[in-house]
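# Observations on the three-dimensional arrangement
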Amino acid sequence: KKSFSSGLTAMEKKLAEYKCNTNEAIQLKLVRFPEDLEDDNTTFNPEYSHQVFGDDEVAFGYKGLKILLYYIAGNLSTLFRIEYTSKVNEKFDCVEADDVESKIREIIPPGFCTNTDDFVSLLEKEVNFKPFGMLLHTYSVHNEEAGEDITYQIYKADMTCPGFREYHERLQTFLMWFIETASFIDVDDERWNYFLVFEKYNKDGATLFATVGYMTVYNYYVYPDKTRPRVSQMLILPPFQGEGHGAQLLETVHRYYMSSPTVLDITAEDPSENYVKLRDFVLVKLCQDLLCFSPGKLVQGFSQEMVMEAQQKLKINKQHTRRVYEILRLRATDMGDAEQSRSYRLDVKRRLIGPYKKKQRELAKMRRCLRPEELTNQLNQIDLNMQHEQLEESFQQLVSDYRRVLERLAQA
């Protein structure tokens, strides 16, 4: 009996060596030059792989597993290869290795290369790749490494652009690796708008374009004759993150819709924390010069005038306008002054406590119509424990987020 159990652990140990973390195994590249293929500095890894490889983010059955997904920087033609140093063998180990290839094939479109030579010969044709759609905005960012300004362009595209459908299929595979709850959209629905960011770069005297990131926006219909664009997905590819492209993209998209008389306001679907910070920055930047946000008016509190002006001129909804107001009012408030800071704190806390007040009203209603034992059930579900500490904590967190927005604004 004893020898059997120790044999099992040895077997388990052996099998454990055949587990690979898929976030490390997947190696992504955006390739501009043939030498990028050998350069580890151009490799980046996913943040997530649970949608493809399960919650453990593990592939079983290989040692030294590498899942290579290399993309040509512009049109995103793909090289997909799997490499490993060893693989479990059904005959000897009585276990089967995960079918990694078919898992990846489920999310990448067909027509990829499987060997490097084919990929490199596609790279030579990259000079013919041009961005899709209509140019909306050009901007430049100073690059320390290169010691020069690099030019970027933002385009609006749609499925009628030749080649765009296939390109978008390749582009959206990145969502799986960088957005936790990503899903692919129904591209046959014509209400989608696509906004793309490209970098211009030089190669052998020619100007080429590299994909930097993109945003999808869905145009909801609002009775009788308006639309309400809703940002669905937004991704700046990792090699370009932290350079301000997200803010450029969001501002450009906002300006695009602002110029349309049929747009009511712009919203977002289930926004991440980072997106909210980005949006705060962009909206405050757009709003700071509106008359309704002058320091004299900010001190008087949040007003209907602010709601109207932000919606009419900038297509910003009431909830977002309220945040903009709080950020701009913080800038106009001397938090070292007891009276000013108390007035600001009360104003923000009154908003924070709103949802809890609403719950209390609902409870009061329930008390009138429920039997006592039902009520305790309901009470357990609705936690009224929004005590002062919690409120204070939310307030402090908000103020520190707001300060970061203001710091970024001061540098812009």
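Here is what the cut-offs are and how they apply
Residues numbered from 1 in each chain as written. Predicted model: local features only at pLDDT ≥ 70, side-chain atom pairs only at ≥ 80, totals over all residues. Heavy atoms only, no water. Pairing = 2+ DSSP bridges. Helix = DSSP H or I, 4+ residues; strand = E, 2+ residues; numbered from the N terminus. Right-handed = clockwise from strand over helix to strand, strands pointing away. Expected span 1.5 Å × (residues − 1). Buried < 20%, exposed > 50% of the residue type's maximum accessible area, 1.4 Å probe, protein only. Contact = heavy atoms within 4.5 Å. Axes fitted to C-alpha atoms, helices over the stretch in contact; angles between N-to-C directions. Parallel < 35°, antiparallel > 145°, perpendicular 65-115°, else oblique. Left-handed = near helix turned anticlockwise from the far one by under 90°. Nonpolar A, V, L, I, M, F, W, Y, C, P; charged D, E, K, R; others polar. UniProt positions renumbered as here; feature names shortened; annotations may be inferred.

Across 10 bridges, strand β12 (residues 206–222) lies against strand β13 (residues 226–236) in antiparallel orientation. Bridge assignment links V217 to a residue of β13, and that residue is V231. When β13 meets strand β14 (residues 267–268), the two strands line up parallel, connected through two bridges. Of the residues in β14, the one forming a bridge with R230 is T267. Note on the crossover from β13 through helix α9 (residues 245–258) to β14: the handedness is right-handed.

A few words now on helix α10 (residues 273–287). Count 3.6 residues to each turn of an α-helix, and residues three or four apart come out pointing the same way. Taking 1.5 Å per residue, 15 residues should reach 21 Å; α10 reaches 21 Å between its end C-alpha atoms and fits that length. Three or more residues of α10 are buried, namely Y275, V276, L278, R279, D280, F281, V282, L283, V284, L286 and C287. In this structure, the buried residues of α10 make contact with β13, α9, β14, α12 (304–314), α13 (318–331) and α16 (388–411).

We now examine the packing of α13 against α16. The N-to-C vectors of α13 and α16 enclose an angle of 75°; their axes lie 10 Å apart at closest approach. Judged by the angle between their axes, α13 and α16 are roughly perpendicular. Between α13 and α16, the contacting residues are R323, E326, I327, L330 and R331 on the first element and L398, V399, Y402, R403, V405, L406 and L409 on the second.

So, about the packing of helix α14 (residues 338–369) against α16. Relative to each other, α14 and α16 sit at 115°, their axes nearing to 10 Å. The angle between α14 and α16 falls in the class roughly perpendicular. The chirality of how α14 crosses α16 is right-handed. Of α16, the residues touching α14 (which contributes Y344, R345, V348, K349, R351, L352 and I353) are L391, E392, S394, F395, L398, V399 and Y402. Residue composition of the contact of α14 with α16, grouped by class: nine nonpolar, one polar and four charged.

To continue, consider the UniProt feature "site: Interaction with histone H4 N-terminus" (unreviewed entry) in the protein. When the UniProt feature table is mapped onto this chain numbering, "site: Interaction with histone H4 N-terminus" (unreviewed entry) sits at W192. For W192, the location among the structural elements is in strand β11 (residues 192–203). Discounting chain neighbours no more than four positions away, the residues touching W192 are I185, D186, T216, V217, Y218 and S232.

Turning to the sheet that holds strand β9 (residues 134–143), a few remarks are in order. Working definition: the strands of a sheet are paired by backbone hydrogen bonds and lie parallel or antiparallel to each other. What the six strands build is an open sheet, ordered β9-β10-β11-β12-β13-β14; its pairing is mixed. Since the sheet does not close on itself, it has two edges, and those belong to β9 and β14, each with one partner. Sheet topology places strand β10 (residues 148–157) next to β11; six bridges connect them, and they run antiparallel. Looking at the pairing, Y155 lines up with L196 of β11.

This part is about the sheet that holds strand β6 (residues 66–72). Read from one edge of the open sheet, four strands run β3-β2-β6-β7, paired in mixed fashion. Both outer strands of the open sheet, β3 (43–44) and β7 (78–83), are each paired with one neighbouring strand and no more. When strand β2 (residues 26–31) meets β3, the two strands line up antiparallel, connected through two bridges. Its bridge partner lying in β3, K29 is registered against T43. Of the strands in this sheet, β2, β6 and β7 are in contact with helix α6 (residues 116–123), which crosses β6 at around 20°.

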